[in-house]
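Coordinates in review
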Amino acid sequence: MEMRYRSMPCELVVREAAAEQPPIIEGYFAVFDSEYRFAPGMYETIDPHAFDETLGDDIRALINHDTTLVLGRTKSGTLKLHVDEHGLFGRIEINRNDSDAMNLYARVQRKDVSQCSIGFVPLAEETEILKDETGRDVVHFIEKRVSLLEVTCCTFPAYEETDISARTQQGQDILRKRAKAWEIRNLEKLNKWRKQKC
């Protein structure tokens, strides 16, 4: 099982708090049915039930996928996650005594940082072949069930090249198998037609 990262523009917002309360960063870290296109003719979406079995896990909120920069954690109650019809919503309580966290809070407040990402392990996935507007085959990967490890506030979308490369190869293999199956079916039809003519 490989770790995957998915990033997207999002609407992170900050919530001012009273002196005795922690400041808050919140927003949608994943949006259902939003298309992540990683190569021509290939894209991925997250199923609305993909997170159903993982939100009780010990999940961290990070800065730029850096495991040394922990903003919050579900186990400690400083990260709260829930799912609604739009996607995966997260609420992070920022530690005023953590300079890295407060620096990020200021950057989100100024909209200098506005993107989110998740890190997960895929557990169940479906693929389907669709047609685009030109009639060409398109591979659609659907994440049906995942193990969520982290949510991240990030400066840039964190698509790892190895992840994209492996995913692209997987999509190309599916299209090649489909083309080969189409070729075999048509050869069988041709041979059957030839036998009928003889």
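This text gives an overview of the structure that appears in the document. Since we're looking at a predicted model, the values are computed, not measured.

1. Topic: the environment of Glu150
- Checked against the element boundaries, Glu150 lands in strand S11 (residues 137-154).
- Ignoring sequence-local partners within four residues, the contact set of Glu150 consists of Met3, Tyr5, Ile59, Arg60, Leu62, His65, Ser117, Ile118 and Gly119.
- A distance of 2.7 Å separates polar atoms of two side chains, one belonging to Glu150 and the other to His65.

2. A closer look at the sheet that holds strand S2 (residues 13-15)
- The antiparallel open sheet is built from four strands, whose spatial order is S2-S3-S9-S8. Each edge of the open sheet carries a strand with a single partner, namely S2 and strand S8 (79-83). Sheet twist, expressed as the mean angle between neighbouring strand axes with direction ignored, is 25°.
- Seen against the sheet, helix H1 (residues 99-109) touches S2 and strand S3 (24-31) and runs at an angle of roughly 115° to S2.

3. A closer look at unusual backbone geometry
- One non-glycine residue, Asn64, lies in the positive phi region at around 50°.
- With respect to the helices and strands, the residue Asn64 is situated in the loop between strand S6 (60-63) and strand S7 (66-73).
- Not every positive phi belongs to a glycine, and Lys111 is a case in point at roughly 70°.
- Residue placement: Lys111 occurs in the loop between H1 and strand S10 (115-131).
- The exposure class of Lys111 is partly exposed, given its relative accessible area of 48%.

4. Details of the pairing of S6
- Sheet topology note: the S6/S7 ladder contains four bridges and is antiparallel. Pairing of Arg60 across the sheet is with Arg73, part of S7.
- Bridge count between S6 and S11: four bridges; the pairing is parallel. Across the sheet, Ala61 pairs through a bridge with Val151, a residue of S11.

5. A short note on the packing of aromatic side chains
- Summed over all chains, the structure comprises two aromatic pairs.
- Note on Tyr28 and Phe89: the rings are 5.1 Å apart at their centroids and 75° apart in plane angle, and the pair reads as edge-to-face. Placement of the pair is Tyr28 in strand S3 and Phe89 in strand S9 (residues 87-93), with a sequence separation of 61 residues.
- By relative accessible area, which is 22% here, Tyr28 ends up partly exposed.
- Both rings, one in Phe32 and one in Phe51, keep their centres 6.2 Å apart while their planes meet at 35°; by these two values the pair is tilted. In this pair, Phe32 sits in the loop between S3 and strand S4 (36-39) while Phe51 sits in the loop between strand S5 (42-46) and S6, placing the two residues 19 residues apart along the sequence. Phe51 shares its class with Phe32; the two are buried.
- One Lys or Arg, Arg37, reaches over the ring of Tyr43 and ends 4.6 Å from the middle of that ring.

6. Here we look at the pairing of S9
- Most of S9 sits out of view: five of its seven residues are buried.
- As paired elements, S3 and S9 share seven bridges and run antiparallel to each other. Across the sheet, Glu26 pairs through a bridge with Arg91, a residue of S9.
- With five bridges connecting them, S8 and S9 associate as antiparallel partners. Across the sheet, residue Leu79 finds its bridge partner in S9, namely Ile92.
- In sequence, S8 turns back onto S9 through a hairpin of three residues.

7. With respect to the pattern of salt bridges
- Tallied over the full model, the rule gives 14 salt bridges.
- Here Asp58 ties to Arg73 by a salt bridge, and the two come within 2.5 Å at their closest N and O atoms. Taken together, the positions of Asp58 in the loop between S5 and S6 and Arg73 in strand S7 put the pair 15 residues apart, joining distant regions of the chain.
- On the basis of relative accessibility, which here comes to 28%, the residue Asp58 falls in the partly exposed class.
- Here Arg73 falls in the partly exposed class, since its relative accessible area comes to 28%.
- Within the structure, one salt-bridge network assembled from shared partners comprises Arg4, Arg6, Glu44, Glu125 and Glu143.

About the criteria used
Note that residues are indexed from 1 along each chain, following the sequence as it is written. Residues qualify for local features only when their pLDDT is at least 70, as the model is predicted, and side-chain atom pairs are given and counted only at 80 or more; totals for whole chains, interfaces and linings, by contrast, use all residues. To obtain the side-chain values, all non-hydrogen atoms of the structure were used and water was disregarded. Under the scheme used here, helices are H or I runs from DSSP no shorter than 4 residues and strands are E runs no shorter than 2 residues, and both carry numbers assigned from the N terminus. Residue contacts are defined here by distance: any two heavy atoms, one from each residue, within 4.5 Å place the two residues in contact. Polar contact is the term for a pair of N or O atoms within 3.5 Å; when the atoms are in protein, one must be able to donate a hydrogen and the other to accept it, and sequence-neighboring residues count only if both atoms are side-chain atoms. Pairing between strands requires that DSSP locate at least two bridges from one strand to the other. Think of each axis as a best-fit line through the C-alpha atoms, taken over the contacting stretch in the case of a helix, with angles from 0 to 180 degrees between the N-to-C directions. Exposed residues in this analysis have more than 50% of their type's maximum accessible area, buried residues have under 20%, and partly exposed residues fall in between, with area computed by a 1.4 Å probe over protein chains only. Stacked, tilted and edge-to-face are the three classes applied to pairs of Phe, Tyr and Trp rings, where Trp contributes its six-membered ring and a pair requires centres within 6.5 Å; stacked means planes under 30 degrees apart, edge-to-face means over 60, and tilted covers the rest. The criterion is that NZ of a Lys, or CZ of an Arg, lies within 6 Å of the ring centre and within 35 degrees of the ring normal, and then a charge sits over that ring. When a carboxyl oxygen of Asp or Glu is within 4 Å of a side-chain nitrogen of Lys or Arg, the pair counts as a salt bridge.

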